[in-house]
Amino acid sequence: MYVCSIPEWKERFGDQMRVIRLEDYSADPVGTLKSIHEFLDLPDMTKQVLEIYIKSHKRRNERSKDNKKLGDMLGTTRQLLNSFYRPFNEELARVMGDERFLFE
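Residues numbered from 1 in each chain as written. Predicted model: local features only at pLDDT ≥ 70, side-chain atom pairs only at ≥ 80, totals over all residues. Heavy atoms only, no water.

**Structural notes on the packing of helix 1 (residues 6–13) against helix 6 (residues 75–96)**
Now for step 1: Helix 6 packs onto helix 1 with a crossing angle of 15° between their chain directions and a minimal axis gap of 11 Å. Classified by the angle their axes make, helix 1 and helix 6 are roughly parallel. With respect to the hand of their crossing, helix 1 and helix 6 are arranged in right-handed fashion. Residue-level contacts link Ile6, Pro7 and Lys10 of helix 1 to Leu92, Val95 and Met96 of helix 6.
Now for step 2: Looking at the contact of helix 1 with helix 6 residue by residue, the classes come out as five nonpolar, no polar and one charged. (Axes fitted to C-alpha atoms, helices over the stretch in contact; angles between N-to-C directions. Helix = DSSP H or I, 4+ residues; strand = E, 2+ residues; numbered from the N terminus. Parallel < 35°, antiparallel > 145°, perpendicular 65-115°, else oblique. Left-handed = near helix turned anticlockwise from the far one by under 90°. Contact = heavy atoms within 4.5 Å. Nonpolar A, V, L, I, M, F, W, Y, C, P; charged D, E, K, R; others polar.)

Below is the structure:
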């Protein structure tokens, strides 16, 4: 439902705004942080600083061990959520010009 706010932010901030997907950060935290520094025109972080940062920040989008014991999400629940969010995700992908925001 981010698409409800992003057009207004894009109008206000234009090219000064960058949206980072959690999936991208989780898959490549170092590369993502480097791209953010480049976007902000900040000096490069040294490899040592990047490694310290990554080690000190646990992944936040993983289920806890206790939660994993509950099992996977029910298929009907996943289908319901996908159906609800699909129109928002489609509009987000259109607004951002990036199909990765479809979250399929």
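**A short note on the nonpolar core**
Now for step 1: By size, the foremost hydrophobic cluster in this structure holds seven residues: Val3, Ile6, Met17, Leu92, Ala93, Val95 and Phe101.
Now for step 2: If one sorts the elements of this core by residue count, helix 6 sits on top with three residues.
Now for step 3: What Val3 contacts, discounting residues up to four positions off in sequence, is Phe88, Glu91, Leu92 and Val95. (Core = buried A, V, L, I, M, F, W, Y, C linked by side-chain atoms within 4.5 Å. Buried < 20%, exposed > 50% of the residue type's maximum accessible area, 1.4 Å probe, protein only.)

**Here we look at the packing of aromatic side chains**
Now for step 1: For the structure shown, the criterion picks out two aromatic pairs.
Now for step 2: A centroid spacing of 4.8 Å and a plane angle of 90° characterise the contact between Phe84 and Tyr85, whose relative ring orientation is edge-to-face.
Now for step 3: Of the residues examined, Phe84 reaches a relative accessible area of 45% and is grouped as partly exposed. (Phe/Tyr/Trp six-rings, centres within 6.5 Å; stacked < 30°, edge-to-face > 60°.)

The values are spatial; any link to function lies outside them.
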